[in-house]
Amino acid sequence: MHPMKLKNEAKFLQQFWKSLMTESKIDGVSKKFLSLFKEVFNYHGYAVLILNEETNQFDFSYTYQLSKNNLDEVTNLIEEGVIDWALKESKPILIPTFTKIGLSNGPSKNNFLIIPLAVSDRRIGAIISLCYVEEKSVNQQILDLLTFLASQVSIVVENLKLNSKMQHKKEELSILLKSSMIVSSSLELNKIMESILKLALKEVKSEYGVLSLLDRQTKKLIPQVSSGISLSMIAMTKENSDVLNKGALEWVVKNNKPLIIDDYPKDARFQNSKEFINLHLQTLLVVPLSIAGQVIGVLALCNCLNKPFYTKNDLDIAFGLANYVAIAIKNRFLYEDLQHSFLDTVKALIKAIEAKDPYTKGHSEGVTKYSLQIAQALNLSEKEIEMIKFCGLLHDIGKIGIRDSILSKPSKLTRGEYEITKKHPIIGENMVKHIKFLQPGLCLVRHHHERYDGTGYPDGLKGKDIPLLARIGAIADAFDAMVSDRPYRRALPLQEALKELKEGAGTQFDPEIVRVFLSTLKLSSIFADNKK
């Protein structure tokens, strides 16, 4: 209904107010408000600006059918203080626009109608509609009604703004709770980063994203995980990592500040960068990952969905998620430092064994090396590989409890002496079983002398009853022993050692793991080194 043709303004205002109160979103309120003046102003698009109290800047809350050029002009109006001026004047203002619409009919004059939103002296924001109307065609009666209704809209918008702020806080808390659960659920950094990146894309509604970390030695950005797009499609790889050090991501690292870009291809600062080559990047949000003020990486979210650009709320969410990634990385660094310290202790223990039995020098490292080769070929978990790394070194720790005269005896052991040496797996397990960290890998220490046919020791386990890590360790242990000198024999030639493994498959060793080990030897430098 045309506002100027109202016969009962009181009834109209009552109905209008009631309809506004049913709206739960600012864009819905704006649409109902502007629809009353559709015939007067002939608007074809609009933007809703809301004042951000934290930054004291106007944020785009909603846009409808405005081109990129239109939005750029609105941004200019903000930057030039025109919106503040309209709020100060407390009345609607028509401002010419330079964007050509290309209509075949209708008025030729294009204007932005700026409708200020304020409650008392509190600035709320503004509604800016793109209109086809001459200033002289807008009479005072229309402006008065527009001003009055805008004041009513301002009250509703302020309430919705407060409700939205509370809702955003609830959402942020929910997202942070999810992030906290992700970080506390695993020590595997890549899994944590993958989960948080997926959460970021979901909550910030982006097409794709990538998490990159600074290499601790070279200080270059290296992409770690991506979501929504394969890492192989990103130019930022280890082989050409310099690409990352020439664009928007480098800017965030150097300045330790977030960055939002509304039109990446036209941003003069990064037009020569190839960091997102062939990925059709339009909008970009990048936040730094920091530990104690030191940047360690960046979180980049690309191409926001369902809206023309990223908002302050998106930035807040991204920052919160980035902080949790930084916490996870910090925990990982601490964990790695503890690992290195523990590994040094383990190596000291291994030297104690080697001091008792010089012929076993390098044996523990060899067993660990071969076991890791098998584990990686079998795609074992990070935790299982970690246990092999430590318990592979410690698998013979029990030999500390065996007399030197037996360990270094140059001739064949007597039956009684052999029975004594068979106790070293149990002795070793008893030595390290109280170290909680190593408990998942104790099976390698205790059972690396079990045989697949059940005739091994100390427990006579058979087949798949032998833990996987122990089945791997048994093959690595036997192979390293065969290709190394012993007090009672010289090292076997490589081909003979390989033959022994094949013949022992199904009796002494797990045949499937033997097959995997032989294939990894042929594909690795280990084979070449031993062949020499």
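Residues numbered from 1 in each chain as written. Predicted model: local features only at pLDDT ≥ 70, side-chain atom pairs only at ≥ 80, totals over all residues. Heavy atoms only, no water.

*Asks:* Hey, could you run me through the overall build of the protein chain in this one?
*Replies:* Scanning the protein chain from terminus to terminus reveals 19 helices and ten strands. Here the protein chain, with 532 residues, has 49% of them falling under the buried criterion. Taking the intrachain contacts of the protein chain between residues at least 6 apart in sequence as the baseline, contacts between residues at least 24 apart amount to 61%. With an accessible surface of roughly 27300 Å², the protein chain has 52% of that area assigned to carbon and sulfur atoms. (Helix = DSSP H or I, 4+ residues; strand = E, 2+ residues; numbered from the N terminus. Buried < 20%, exposed > 50% of the residue type's maximum accessible area, 1.4 Å probe, protein only. Contact = heavy atoms within 4.5 Å. Areas by Shrake-Rupley, 256 points an atom, 1.4 Å probe, with all protein chains shown as cover.)

*Asks:* Help me understand unusual backbone geometry in this model?
*Replies:* Leave glycine aside and you will find that most residues have negative phi; peptide bonds, for their part, are mostly trans. Backbone torsion omega between Tyr 457 and Pro 458 reads 10°, so that peptide bond is classified as cis. With respect to the element layout, Pro 458 can be found in the loop between helix 15 (442-447) and helix 16 (468-482). Not every positive phi belongs to a glycine, and Lys 205 is a case in point at roughly 55°. Structurally, Lys 205 can be placed in the loop between helix 7 (189-204) and strand 6 (206-214).

*Asks:* Help me understand the pairing of strand 7 (residues 221-227) in this model?
*Replies:* Look at any regular strand and the pattern is simple: side chains alternate between the two faces of the sheet. Most of strand 7 is tucked away, with five of its seven residues classed as buried. Note: strand 6 against strand 7, six bridges, orientation antiparallel. Bridging across to strand 7, Leu 214 finds its partner in Leu 221. In sequence, strand 6 turns back onto strand 7 through a hairpin of six residues, with Lys 219 there showing a positive phi of about 65°. (Pairing = 2+ DSSP bridges.)

*Asks:* Explain the nonpolar core to me, please; I cannot follow it from the model alone.
*Replies:* Residues Ile 475, Phe 479, Leu 501 and Phe 517 are the most contacted members of the largest nonpolar core, which totals 42 residues. Going through the elements one at a time, helix 9 (312-356), helix 10 (363-377), helix 11 (382-394), helix 15, helix 16, helix 17 (494-504) and helix 18 (511-522) are the ones with two or more residues in this core. With residues up to four places along the chain from it excluded, the contact list for Leu 501 reads Ile 475, Phe 479, Met 482, Phe 509, Val 514, Phe 517 and Leu 518. Membership of the second largest hydrophobic core comes to 31 residues, among which are Val 29, Tyr 46, Ile 50 and Cys 131. (Core = buried A, V, L, I, M, F, W, Y, C linked by side-chain atoms within 4.5 Å.)

*Asks:* Help me understand the pattern of salt bridges, please; the structure alone is not making it clear to me.
*Replies:* Pairing between side chains becomes possible if they bear opposite charge and their charged atoms approach one another. In total, this model carries 17 salt bridges according to the counting rule given. In this structure, Lys 307 engages Asp 314 in a salt bridge whose closest nitrogen and oxygen atoms are separated by 2.5 Å. In this structure, a network of salt bridges that share partners links the residues Glu 429, Arg 446 and Asp 459. (Salt bridge = Lys/Arg side-chain N within 4 Å of Asp/Glu carboxyl O.)

*Asks:* How should the sheet that holds strand 3 (residues 93-96) be read in this particular structure?
*Replies:* Strand order in the open sheet formed by five strands is 2-1-5-4-3, and the pairing between neighbours is antiparallel. The open sheet has two edge strands with one neighbour each: strand 2 (57-64) and strand 3. Across the sheet, the axes of successive neighbouring strands diverge by a mean angle of 25°, strand direction being ignored. Bridge count between strand 1 (residues 45-52) and strand 2: seven bridges; the pairing is antiparallel. Bridge pairing in strand 2 places Leu 51 opposite Phe 58. Across the sheet, helix 2 (residues 26-35) touches strand 1, strand 2, strand 4 (110-119) and strand 5 (122-132), and the angle it forms with strand 1 is around 130°. Where helix 4 (residues 68-79) meets the sheet, its contacts fall on strand 1, strand 2, strand 3, strand 4 and strand 5, and the angle it forms with strand 2 comes to roughly 155°. (Axes fitted to C-alpha atoms, helices over the stretch in contact; angles between N-to-C directions.)

*Asks:* What should I look at first to understand the environment of Leu 149 in this one?
*Replies:* Tracing the chain through its elements places Leu 149 in helix 6 (residues 140-185). With 116 residues separating them along the chain, Leu 149 and Phe 33 place their C-alpha atoms 7.7 Å apart.

*Asks:* Even after reading the chapter, I still don't get a nonpolar patch on the surface, so can you show me in this structure?
*Replies:* Judged by side-chain polarity, Leu 349, Ile 400 and Met 431 come together as a nonpolar surface patch covering roughly 210 Å² of accessible area. As for its position among the elements, Leu 349 is in helix 9. Since its relative accessible area comes to 34%, Leu 349 is described here as partly exposed. (Patch = residues over 30% accessible without salt bridge, like charges linked within 9 Å, V, L, I, M, F, W, Y side chains within 5 Å.)

*Asks:* Explain the packing of aromatic side chains to me, please; I cannot follow it from the model alone.
*Replies:* The geometry of an aromatic ring pair comes down to the distance between the two centres and the angle between the two planes. Overall, the coordinates contain ten aromatic pairs when judged by the stated rule. Geometrically, the ring pair formed by Tyr 43 and Tyr 46 is edge-to-face, given 6.0 Å between the ring centres and 75° between the ring planes. Both residues of the pair, Tyr 43 and Tyr 46, belong to the buried class. Among the aromatic side chains, those forming a connected cluster through ring pairs are Tyr 43, Tyr 46, Tyr 62 and Tyr 64. (Phe/Tyr/Trp six-rings, centres within 6.5 Å; stacked < 30°, edge-to-face > 60°.)

*Asks:* What am I meant to see in the packing of helix 10 against helix 16 here?
*Replies:* The axes of two packed helices give the description: the angle between them and the distance between them. At a minimum axis separation of 8 Å, helix 10 and helix 16 run at an interaxial angle of 130°. Looking at the two axes, helix 10 sits oblique to helix 16. The hand of the helix 10/helix 16 crossing is right-handed. Residues His 363, Gly 366, Val 367, Tyr 370, Ser 371 and Ile 374 of helix 10 form the contact with helix 16, whose own contacting residues are Ile 472, Gly 473, Ile 475, Ala 476, Asp 477, Phe 479, Asp 480 and Ala 481. Across the contact of helix 10 with helix 16, the residue classes tally to eight nonpolar, four polar and two charged. (Parallel < 35°, antiparallel > 145°, perpendicular 65-115°, else oblique. Left-handed = near helix turned anticlockwise from the far one by under 90°. Nonpolar A, V, L, I, M, F, W, Y, C, P; charged D, E, K, R; others polar.)

*Asks:* Please explain the confidence of the model for the protein chain as it appears in this structure.
*Replies:* For residues with low pLDDT, the predicted coordinates do not support detailed interpretation. Confidence in the prediction of the protein chain, expressed as mean pLDDT, is 81, and 83% of residues score 70 or more. When the criterion is pLDDT under 50, residues 1-7 qualifies, and its contacts beyond four places in sequence or with other chains add up to eleven contacts. This model gives residues 236-241 a pLDDT under 50, and the stretch forms twelve contacts once residues within four places in sequence are excluded. (pLDDT = per-residue confidence, 0-100.)

*Asks:* Looking at this structure, I do not really get helix 10. What am I missing?
*Replies:* Residues three or four positions apart in an α-helix share a direction because the helix packs 3.6 residues into each turn. Its 15 residues place the ends of helix 10 21 Å apart at the C-alpha level, agreeing with the 21 Å of an ideal helix rising 1.5 Å per residue. Burial of helix 10 is extensive: eleven of the 15 residues sit out of reach of the surface. When helix 10 is considered as a whole, its buried residues turn out to be His 363, Ser 364, Gly 366, Val 367, Thr 368, Tyr 370, Ser 371, Leu 372, Gln 373, Ile 374 and Ala 375. In the stretch just after helix 10, Asn 379 is the one whose phi turns positive, near 55°. (Expected span 1.5 Å × (residues − 1).)

*Asks:* Sorry, what's going on with the sheet that holds strand 8 (residues 259-261) here?
*Replies:* Two pairing modes exist for strands in a sheet, parallel and antiparallel, and in both the strands are linked by backbone hydrogen bonds. Taken together, the five strands give an open sheet; going across it, the order is 7-6-10-9-8, and neighbouring strands pair in antiparallel fashion. Of all the strands in the sheet, just strand 7 and strand 8 have a single pairing partner and so form its edges. Direction aside, neighbouring strands of the sheet carry axes that sit 20° apart on average.

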